[in-house]
Amino acid sequence: MFKIKTILIVLFVVSMTPIFPQVSPEIQLGVRGLTSINMDIVTDNTTSAVNDFSDTGILLGFRQKLYNQYRGQFVIGLQFPDADSDLGQVFFHQTFLKVENKSNILKMGRSRVRSSLIEFPTLRDDDALAFTDVLNPFSAGENTEDNQFGNVLELAHVHNQRYWFRIHGEHFTQTPIAPATSETDFSLNSVGFSFVYRVPETELWNRPVIQQVGIGYNNYLMDKSNVSNEYSETLGNVILSTIMNLRRDPVHFWDIRSQIISNLGFDNINEIATYGELTRARSIGNFTSLRYIYRKLERPTVQLSVSGGYKTYPDLTNTSSQMQVVGNIFYRLGENFDAGVQVQYQSNKGDLINIFGNEETRVQFSLIYSIDQLWNNQFDDRESLLNLEHGYIP
Amino acid sequence: MNRREFIQTTGLMSASVLFPKVLLSNSAESTNKDRFPKPLEPLIKGDVKEFHLAIDIYQQEVVPGFKFHTLAFNNQIPGPEIRVNKGDKVRVIFKNNTELNHTIHWHGMYVPWRMDGVPYVTQMPVMPGQEFVYEFVAEPYGTHFYHCHWGTLLHMQSGMYGSLIVEDSDDPIKRQFPYEREYTLVYSAHDSNFIRTELNSMLERMKERMYLMKNGRFNKERFAVFNTKDEFVESVNNGYQPPYTVNRRSPSELPQPNWFTVNGKSYPMTPNLFIKEGENIRLRLINAGGEEHSLHLHGHDFWQVCDDGVPVPQPWQMNTVRLSPGKTIDIIVEGNNRGLWTFHDHDTRKVTNNGLYPGGNLLALVYEDLPAEETKLDMMSQKLGLDALPIVALDE
């Protein structure tokens, strides 16, 4: 029986091999080169300096028109993780397929999980991870990628170009890594949904005060038999987010963004000694960024931002909290090339000291090169002005 | 079903409704009228003929199943045909309903220089929501056209063109080659991907600029215009990013046309040219695009009678005529060889639709008095389900 099934699969694959002339796919290339000199000052006043190129990465995408007004896309991407991540030299953070029409998007594969509803203006995506993202309760905390990327199955419905309703299921990475099986790699260990009102980026100068408002709910299936015998309930969390334009001026642009994450937690966690307990303890955290962009002659020239986060753990016997402040400035050296300086300070109290230490100050001097290139451009983006304001063309 | 089978199937489906005997029906002729520029009726204001043109963003269906966003005068591509008599006083009220800048240039006309529609040279651009009134006396005689002269590379191939015919009651061509019917054929070439990308880019930029305009902060440096070259150099020295770098426009590549249209449509939706045995028809050929066309008529010679609207001293007999960008050429076809004939670009790269042959500027010269039995096929073809020669076939 196995043999017949294998032969049929092989025949099917061969029959789908392109033997006719093909329309070239649209090819997208996204590149980000990021390198920084990091200087850390930790609690005992020891300092270290490293040349850090983590988060440098490449994204390659292929898109094509399908029948019946659908589009198909394949994206593969890799990035360099932190040196001590245990992920190896290179991490394939994106490998997914997407099928979409005007109102619906189906996405399957490894991609960014919905542990956050908005992005913040920090040098690296994980600079304030404990505040900006729901932490992965299946992870041992060896790296930040476990929290940001997973195997995703997501269906999004877009109503009236601005209302995004998503239901999604993920397989979050479980570490330390158990012997891989199809069950441990691909079975869903989290489900959730989100509802977001978002003004498209292309309508930047049209939009009033509210740029984005969203709510999301994630439910980690901790009680699944293959996950853990320890818990008999699921772990839920709620995310609330907003981005508001304080001054939507093309030359001097100001906005503010804020996100609250409430981890509903487990009742029986009263102290934190491990990363697992950190992710499972009841907590509420907020992260807020104020950003200023100076746009000289229609291109961003300077960006300044100040961000701050605060997180408390109400159920812990020891009063515990975390606080972080991040300030940065980026200056455009030329087309696609920026220089930046970021200073961040983090302070921890109570049980959090067990995990993160007392406090840490980090200063980073960075260079960033990023491009977004397109070849064989065949059709328009969902959120182009033509599609949004002059009728969608599939 | 694989791709080739799919194309063959759709090809047969299209062909089945376009057999010659159907093509020769009254309804086919009536439908065909829609494939030529529609005349714009003037308002008569005293001794002035007043025309109204408005520009909007529009979706043009070039062939069934393929649409792209365009700029269109009065929601038509080409724009409506302005037809006046030599010496008429003409007023054109142009309304810009888009968020982009535009002008109208009257190509081949002896207009006063401030009416010539060249931005920064003869006038400032007609900005979003603005109206501009063009006034001129209709001369010289002949086949001319109008088009936008702002962002010409984009705006012309996006559809901002239309025919302008100046008639003479004592038409010199009619005297030499008496005719009743004439057809206007406006040729263009479009890079649909360039148009889409550039239109989006311009719209985004203009939204930003209009925000500043409303606040009274839009200045000449942001508009990329300078009083003097010294002023420009000084601005560059002060860090101005010139508009000719990709910093401020995209894409950086020049257009490579992938659609070739006649009156805004590509084969098989191109117009048919109806004729009868013994009849003369006049074709007004206008190249409003950026590509050269080498137009060849099968089974006939024709007479080139006008060049850029000007009657030529001695009509020139030929079967292939070169139509360069910006040219208008009038030809007379004599109905002296009954049949169904193709009239197409002999640069056959332009007889394609997005790279697929056949397509583009392929037309048919159709003798209305062709007996249907002359189009009959052999038994093999009839077994395929064809009972006459197909005019449309989409796969070789």
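Reading guide: rules and limits
In every chain, residue numbers begin from 1 and rise along the written sequence. Just so you know, chain letters begin at A and ligand numbers begin at 1, following the order they were written in. Local features in this predicted model are restricted to residues of pLDDT 70 or higher, and side-chain atom pairs are both shown and tallied only at a pLDDT of 80 or more, whereas totals for entire chains, interfaces and linings draw on every residue. Only runs of H or I of at least four residues qualify as helices and only runs of E of at least two qualify as strands under DSSP, and these elements are numbered from the N terminus. Neighbour density around each residue's C-beta defines its exposure: 20 or more other C-beta atoms within 10 Å make it buried, 12 or fewer make it exposed, and counts between make it partly exposed, where C-beta atoms are placed from the backbone. We call two residues in contact if the C-beta atoms placed from their backbones are at most 7 Å apart. Two strands form a pair only when DSSP identifies at least two bridges running between them. All axes are obtained by fitting lines to C-alpha atoms, using only the stretch in contact for helices, and the reported angles, taken between N-to-C directions, cover 0 to 180 degrees. Source of the domain bounds: an automatic or database domain assignment. Think of a nonpolar core as buried Ala, Val, Leu, Ile, Met, Phe, Trp, Tyr and Cys residues chained together by C-beta atoms that fall within 7 Å. Take the residue count of a helix, subtract one, and multiply by 1.5 Å to get its expected span.

Section: the overall build of chain B
Then step 1. The secondary structure content of chain B amounts to 8 helices and 20 strands.
Then step 2. The buried share of chain B, taken over its 396 residues, is 38%.
Then step 3. Once local pairs closer than 6 in sequence are excluded, the contacts in chain B between residues at least 24 apart make up 74%.

Thoughts on the overall build of chain A
Then step 1. Along chain A, the regular secondary structure elements total 7 helices and 17 strands.
Then step 2. Every one of the 394 residues in chain A was classed for burial, and the buried ones make up 29%.

With respect to the sheet that holds strand E11 (residues 259-262) of chain B
Residues and elements named next belong to chain B.
Then step 1. Taken in spatial order, the 6 strands of this open sheet run E11-E10-E13-E18-E15-E16, and their pairing is mixed. A strand with exactly one partner marks an edge of an open sheet, and here the two such strands are E11 and strand E16 (310-318). Strand-to-strand twist in this sheet, taken as the mean axis angle between neighbours without regard to direction, amounts to 25°.
Then step 2. Pairing between strand E15 (residues 302-307) and strand E18 (residues 328-334): 5 bridges, direction antiparallel. Within E18, the residue paired with phenylalanine 302 across the bridge is valine 333.

Quick notes on the pairing of strand E13 (residues 283-296) of chain A
Residue and element names in this part refer to chain A.
Then step 1. Judged from the 12 bridges that link them, strand E12 (residues 252-263) and E13 form a sheet pairing that is antiparallel. Residue pairing in the sheet places isoleucine 260 in a bridge with asparagine 286 of E13.
Then step 2. Strand direction decides the pairing type here: E13 and strand E14 (residues 299-312), joined by 13 bridges, are antiparallel. Among the inter-strand pairings, phenylalanine 287 is bridged to a residue of E14, identified as glycine 309.
Then step 3. What sits between E13 and E14 in their antiparallel hairpin is a turn of 2 residues, with leucine 297 showing a positive phi close to 50°.

Details of the domain arrangement of chain B
Then step 1. Under the domain assignment, chain B is made up of domain 1 (25-191 + 257-369) and domain 2 (208-237).
Then step 2. When each unit is reduced to the centre of its C-alpha atoms, the spacing between domain 1 of chain B and domain 2 of chain B is 37 Å.

Examining the sheet that holds strand E9 (residues 161-167) of chain B
Residue and element names in this part refer to chain B.
Then step 1. Read across the sheet, 4 strands follow the order E4-E9-E8-E6 without closing on themselves; strand pairing throughout is mixed. Two strands close off the open sheet at either side, each with one partner strand: strand E4 (79-85) and strand E6 (105-107). Ignoring strand direction, the axes of neighbouring strands in this sheet form an average angle of 25°.
Then step 2. Note: E6 against strand E8 (residues 142-147), 3 bridges, orientation antiparallel. Its bridge partner being in E8, histidine 105 is matched across the sheet by histidine 147.

Concerning the nonpolar core
Then step 1. Of all hydrophobic cores here, the largest spans 65 residues; its most connected members are B:Leu185, B:Leu273, B:Leu285, B:Ile331, B:Val333 and B:Leu365.
Then step 2. Among the elements that make up this core, the one with the highest residue count is strand E20 (residues 362-367) of chain B (6 residues).
Then step 3. When neighbours within four sequence positions are excluded, B:Leu273 is seen to be in contact with B:Tyr183, B:Ile281, B:Phe343, B:Leu363, B:Leu365 and B:Val366.
Then step 4. By size, the runner-up hydrophobic cluster in this structure holds 17 residues, among which are A:Leu135, A:Phe287, A:Val326 and A:Leu352.

Regarding helix H6 (residues 192-214) of chain B
Then step 1. Look at H6(B): 32 Å from first C-alpha to last across 23 residues, which is about the 33 Å you get at 1.5 Å a residue.
Then step 2. One or two positions beyond H6(B), positive phi appears at B:Gly216, with a value near 70°.

Looking at helix H7 (residues 229-237) of chain B
Then step 1. With respect to burial, H7(B) is a largely exposed element, only 0 of its 9 residues being buried.
Then step 2. In the stretch just after H7(B), B:Gly239 is the one whose phi turns positive, near 105°.

A word on unusual backbone geometry
All names here are of chain B.
Then step 1. Between isoleucine 77 and proline 78 the backbone carries a cis peptide bond, its omega angle lying at -5°.
Then step 2. Relative to the helices and strands, proline 78 resides in the loop between strand E3 (66-73) and E4.
Then step 3. Here the amide bond leading from glutamate 139 into proline 140 is cis, since omega sits at 5°, within 30 degrees of zero.
Then step 4. For proline 140, the location among the structural elements is in the loop between strand E7 (131-137) and E8.

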